[in-house]
Amino acid sequence: MTPASGGPGAVTSPFSPAPGAAPYLRQVRAQARMETRLMLRNGEQLLVALVIPILALVGGVVGAERGGIELDGRAVDVLTPGVLALAVMSTAFTSLAIATGFERRYGLIKRLGASPLPRSGLLLGKIGAVLTVQVVQAVVLVAVALALGWSPSGGWVALPLALLAAVLGTAAFASLGLLLAGTLRAEATLAIANLVYLLLLVGGAVLLPRSSYGGVGELLAVLPSAALGDAFRAALVDGSLAAGPLLVLVVWALLGATAATRLFRWE
Amino acid sequence: MPAPAPAVEIDGLVMRYGGTAAVDGLSLTVATGSITAVLGPNGAGKTTTLETCEGYRRAQEGTVRVLGLDPVRERRALLPRIGVMLQAGGAWSGVRADEMLRHMASLHAHPLDVAMLVDRLGLGECGRTPYRRLSGGQQQRLGLAMALVGRPELLFVDEPTAGMDPAVRRTTWELLEEMRDAGVTTVLTTHYMDEAEHLADQVHVIDHGRLVVSGSPFELTRATGASTIRLVVTEPFPPEAPASLQEALGPATEVTAIGPQSLLITGPADASTLAVVSAWCERHGVLPESLSLGQRTLEDVFLQLTGRELGDEALETAR
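Residues numbered from 1 in each chain as written. Chains lettered and ligands numbered in written order. Predicted model: local features only at pLDDT ≥ 70, side-chain atom pairs only at ≥ 80, totals over all residues. Heavy atoms only, no water.

1. Overview of the overall build of chain A
Here is step 1 of the chain: If you tally the helices and strands in chain A, you get 11 helices and zero strands.
Here is step 2 of the chain: Listing each helix as α and each strand as β along chain A from the N terminus yields α-α-α-α-α-α-α-α-α-α-α.
Here is step 3 of the chain: Considering only C-alpha atoms, chain A reaches an extent of 85 × 35 × 30 Å along its principal axes.
Here is step 4 of the chain: Accessible area of chain A: about 11900 Å², with a carbon and sulfur share of 71%. (Helix = DSSP H or I, 4+ residues; strand = E, 2+ residues; numbered from the N terminus. Areas by Shrake-Rupley, 256 points an atom, 1.4 Å probe, with all protein chains shown as cover.)

So, in C-alpha cells, the structure goes:
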C-alpha cells in the first residue's frame, strides 16, 4: 500500500487503497445477472421474446382449426418447435443486438473495458444472460403449447437434440447480432434487428416448415432461421438429428463470429 | 525515506489522428499521493493522454508507464489498481444509479461500502430513475462513484465536475481531497482554472498536445513575484495601443490584450507602473472604466504562455 501523506486520518479512512479484482467467476456471474435483469426489464424486448411467439402459437393453432393453414400433422405439434426456434432467435439476435448497441452508445462497454472484467468475462456474461432468458421463454412457451394440446413425438432423444439445435442456433444468431451491434449506430441496430426479426418471422421458414413456402422452400434452406426451425422440428416431431440444418447453423456461427471479431468497434 | 516512484511517467508521447497530432511530444510525471491536474483548453490533448494511460490507446511514439506497468501490454494487472471516470457515459441506459454502483463493486475484491458512497455523493436522490434520464450532474457523480468504488491506488478522472452545480463541485473537491489524505493518487483533467488552483498539488498546463508549463499552483501564480493589473476602457482601443503601452512600461512588465476593451498588465503593480498607465490613458484620450489589481491567476499564466484564453466557460468560472 502507498504510504499515506495525510497524517493520522489516513489510518481510519475508508478510502485507503485496497485494489483488487473479484474472482473471475464471481465477476461473470454478476455480469450475467445484471444483463439478464436489464433484458427482462425492457418492455419492447419482452414483446419480441414472449408476446409475439405466444401470439404466433395461439394464432397459428386457432387459424389451422378454422382451416386457414394446411399443415402436415396437428397444428400445435408442427408449430410449437417453430415457435421455440423463433424464441431462440428473438433473444440471441434481436434482444442481444439491441442491448449491445445501446451499451456501446452509452459508453458501458468502454467503461467495463477499464474495469477488472476481461472481454471474455463480458462475453460469457452476455451468453449467460441470453441462455437464462431463453430458459424463461422455453418454460412459458412449453406451458402454453401443452395447454393447447401439444404432444411432442420425438421421444426422450428429442430433448438433447432440441438443446443442440438451441445452442447452435444461439451461437449463429448471437454472433450475427453482435456483428450488427458492433458496427452500426444504436438506432440503426434497433431498426435493423427488429426488421430482420419480422422478415424472418414471416418469410424465413422458422415458424412454418419450408414445404409451406412452395418453390422457394429449397432456397430458404441456407437461412439460419430455416435451419433452426428445421432442426427443432426434426428433433421434436421425428426425434431425428437434422445434420444439414445444424451444419448451416455452424457455418453461420463461424462466419458471424469471424466478422464480429474483426469488425466490432468498442466505442 | 526515499521518494516513492512516480505513479505515472509519460515520456515523449505522440498520438496522431489522420494528419494532426493530438499529443505532440508530451512528457510529464505524476507524483504518488498527489492530486495532479492536466489543464488545457478543449482539444489540447487531455483526454487522449488520459486514455493512453488507461490502456485504451497504444502510444504511437514515446513511452507511458502507469504504476510501473505498460498500460497496454500489462493491462490486466493494471486495471484492478486504477479507477477510471470517463468524460461521459459508462452505464447501461436503463440501469439505476445504486444498481450500477453495486455492479461495479461486485467486480472488485475489496470494494467500498456502496451505501456510504451513495450517501457521500448524494446519489440517493436518483431513486429508481434509469441512467438515461439522470441529469448531467447526476451522471457525473455516478461516474465518479464508479471510479472510486474499487478502492484504487490511482484515479483518472476526466473533467470530473463538468455540469455540476457549485455546491456539488465543492463536495466533490472535498471527496477528492479526502482520497488524497487516504493515500490515493489522482490525475484529473480540467479546463476550470479554479478547480486546478483549489485542488491540485501539481499542475501541467498543456496546449496543442504539448506541455506548456508545470508547477504547483503557487509556483505558477506567485513565484515570479508578479501581480496583475486589468485595465478595462470605455471604447475599443486602437490596434497599436498594447504595443505603445508596452513601450511606455518597459521590459519589466508584459502587456496582453484580452479583448477589444481590456488589457492585462503583468509585472510589479507598484505606484510607478500605475502612474505610467494613467499617463498613457491621458495621452491617448482613453477613458478607463475599471482598473483592478490582483494576484496572477492560472488563467493569466495560461493566457501569457499560449496567447489565448481557455474559453468563455472557464473565464466565467475563474472570475
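What follows continues from the structure just given.
2. Structural notes on the confidence of the model for chain B
Residues and elements named next belong to chain B.
Here is step 1 of the chain: Here chain B averages 87 in pLDDT, and 92% of its residues register 70 or above.
Here is step 2 of the chain: Low pLDDT, under 50, characterises residues 312–319; the predicted model gives this stretch 13 contacts beyond four residues in sequence or across chains.
Here is step 3 of the chain: Here the predicted complex scores 0.82 on pTM and 0.87 on ipTM. (pLDDT = per-residue confidence, 0-100. Contact = heavy atoms within 4.5 Å.)

3. With respect to unusual backbone geometry
Across the chain, the bulk of peptide bonds are trans and the bulk of non-glycine residues have phi less than zero.
All names here are of chain B.
Here is step 1 of the chain: Despite not being glycine, Leu67 shows a phi value in the positive range, around 50°.
Here is step 2 of the chain: On the basis of relative accessibility, which here comes to 19%, the residue Leu67 falls in the buried class.
Here is step 3 of the chain: Even without a glycine there, the phi angle at Glu159 is positive, about 50°.
Here is step 4 of the chain: Relative to the helices and strands, Glu159 resides in the loop between strand E6 (154–158) and helix H6 (166–181).
Here is step 5 of the chain: By relative accessible area, which is 5% here, Glu159 ends up buried. (Buried < 20%, exposed > 50% of the residue type's maximum accessible area, 1.4 Å probe, protein only.)

4. Re the nonpolar core
Here is step 1 of the chain: Ranked by size, the top nonpolar core spans 111 residues in total, and within it Phe232 of chain A together with Met100, Leu101 and Leu117 of chain B carry the most contacts.
Here is step 2 of the chain: Top element by residues in this core is helix H4 (residues 75–105) of chain A. It accounts for 15 residues.
Here is step 3 of the chain: If sequence neighbours within four positions are ignored, Leu101 of chain B has contacts with Val114, Leu117, Val118, Leu123, Leu142, Ala145, Met146 and Val149 of chain B. (Core = buried A, V, L, I, M, F, W, Y, C linked by side-chain atoms within 4.5 Å.)

5. Examining the domain arrangement of chain B
Here is step 1 of the chain: For chain B, the domain assignment lists domain 1 (8–220) and domain 2 (225–295).
Here is step 2 of the chain: A C-alpha centroid distance of 39 Å is found between domain 1 of chain B and domain 2 of chain B. (Domains from an automatic or database assignment.)

6. Re a nonpolar patch on the surface
Residue and element names in this part refer to chain A.
Here is step 1 of the chain: Residues Tyr24, Leu25, Leu123, Leu124, Ile127 and Leu131 make up a contiguous nonpolar surface patch of about 530 Å² in total accessible area.
Here is step 2 of the chain: Mapped by element, the contributors of at least two residues to the nonpolar patch are helix H2 (24–41) and helix H6 (119–147).
Here is step 3 of the chain: No other element matches H6, which puts four residues into the nonpolar patch.
Here is step 4 of the chain: Of note, Leu25 is situated in helix H2. (Patch = residues over 30% accessible without salt bridge, like charges linked within 9 Å, V, L, I, M, F, W, Y side chains within 5 Å. Salt bridge = Lys/Arg side-chain N within 4 Å of Asp/Glu carboxyl O.)

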